[in-house]
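Breakdown of the fold
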Amino acid sequence: MRKIIAAINMTIDGFCDHTAGIPDEEIHQHYANLLNNADAILYGRITYQLMQYWQNLLKNPSGEKAMDDFAIAIDNIPKIVFSHTLKDTGWESATLAHKNIKEEVLELKQSHNSGRKDILVGSPGLIVALTQLNLIDEYQLCVHPVIVGSGLPLFKNITNSIVLKLVKTKRFGSGAILLCYEKTSQ
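Here is a short report on the structure shown in this document. (Residues numbered from 1 in each chain as written. Predicted model: local features only at pLDDT ≥ 70, side-chain atom pairs only at ≥ 80, totals over all residues. Heavy atoms only, no water.)

1. Regarding unusual backbone geometry
Phi is positive for Asn 134, close to 60 degrees, though the residue is something other than glycine. Among the structural elements, Asn 134 can be located in the loop between helix H6 (124–132) and strand S7 (138–144). The backbone of Asn 157 sits at a positive phi, close to 70 degrees, despite the residue not being glycine. Structurally, Asn 157 can be placed in the loop between strand S8 (152–153) and strand S9 (164–171). (Helix = DSSP H or I, 4+ residues; strand = E, 2+ residues; numbered from the N terminus.)

Shown next as structure tokens:
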């Protein structure tokens, strides 16, 4: 069965703020590789609309290889968007989810239609919802050396203690650290 992997950037004080990170060449390349080795990524509407920035970069490349490679990777990966308000995604490789989050994710996890690669989750709200449903198999948290003091906390509304096992770390030149955790049997 495929894994569901929560993959997100956050500040050292636990907030998800796309403007606060330090997205250098190395981090862009890491995420491009992650996307290239997954079958799909799940987004909520807000994060999805932020990610549409990369559509413009495809049309007008930046000239920075890592950013342009990430734009290609995000364009190529199938995106499933959970939204009650969007009627159309405006992106050929994106579709709107037609089932509730639990049904959609369980079906994806067990499906072999599009391959045997893992499924990524890239929105804070979806990560929380899937954590509450006990459907996240792995957390890949890229912690940036920035303190913002306020914003959207990643694990907002999680009320139960969840014990995780650190399985891998990766240090980036910017000072950001990728922490990879898996669920324990507890």
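After that view of the structure, there is still more to cover.
2. Overview of the packing of aromatic side chains
The final tally for this structure, using the stated rule, is five aromatic pairs. Considering the side-chain rings of Tyr 48 and Trp 91, the 6.0 Å spacing of their centres and the 40 degrees angle between planes classify their relative orientation as tilted. Remark: Trp 91 occurs in the loop between strand S4 (79–82) and strand S5 (94–96) and Tyr 48 occurs in helix H2 (residues 45–51); sequence separation between them is 43 residues. With centroids separated by 4.7 Å and ring planes inclined at 65 degrees, the aromatic side chains of Trp 54 and Phe 70 adopt a geometry described as edge-to-face. Of this pair, Trp 54 sits in helix H3 (residues 53–59) while Phe 70 sits in helix H4 (residues 65–76), and the two are 16 residues apart along the sequence. You'll find Trp 54 and Phe 70 in the same group, each marked buried. Feature note: the residues Tyr 43, Tyr 48 and Trp 91 constitute an aromatic cluster, connected by ring pairs. (Phe/Tyr/Trp six-rings, centres within 6.5 Å; stacked < 30°, edge-to-face > 60°. Buried < 20%, exposed > 50% of the residue type's maximum accessible area, 1.4 Å probe, protein only.)

3. Digging into the packing of helix H1 (residues 25–36) against H4
Two elements in contact, H1 and H4, have axes separated by 8 Å at closest approach and are oriented at 20 degrees. Taken together, the axis directions place H1 and H4 in an arrangement best described as roughly parallel. Our pair here, H1 against H4, has a crossing hand that is left-handed. Where H1 approaches H4, its residues Glu 25, His 28, Gln 29, Tyr 31, Ala 32, Leu 35 and Asn 36 are matched on the opposing element by Ala 66, Met 67, Asp 69, Phe 70, Ala 73 and Ile 74. In terms of residue class, the contact of H1 with H4 is built from eight nonpolar, three polar and two charged. (Axes fitted to C-alpha atoms, helices over the stretch in contact; angles between N-to-C directions. Parallel < 35°, antiparallel > 145°, perpendicular 65-115°, else oblique. Left-handed = near helix turned anticlockwise from the far one by under 90°. Contact = heavy atoms within 4.5 Å. Nonpolar A, V, L, I, M, F, W, Y, C, P; charged D, E, K, R; others polar.)

4. With respect to the side chain of Glu 104
Topologically, Glu 104 is positioned in helix H5 (residues 101–110). Of the buried charged residues, Glu 104 lacks a salt bridge, with Lys 99 as the closest side chain of opposite charge at 5.7 Å. Once you skip the residues sitting within four places of it in the chain, Glu 104 turns out to touch Ile 80, Phe 82, Ala 97, His 98 and Lys 99. (Lys, Arg positive; Asp, Glu negative; His and termini not counted. Salt bridge = Lys/Arg side-chain N within 4 Å of Asp/Glu carboxyl O.)

5. Description of the sheet that holds strand S3 (residues 38–44)
Strand order in the open sheet made by the eight strands is S5-S4-S3-S6-S1-S7-S10-S9, with mixed pairing throughout. Sheet topology places S5 and S9 at the edges, where each strand pairs with a single neighbour. Taking the axes of each pair of neighbouring strands and ignoring which way they run, one obtains an average angle of 25 degrees across the sheet. Inspection of the sheet shows strand S1 (residues 4–11) paired to S7 by seven bridges, in the parallel sense. Counterpart to Ile 8 in the pairing with S7 is Leu 141. (Pairing = 2+ DSSP bridges.)

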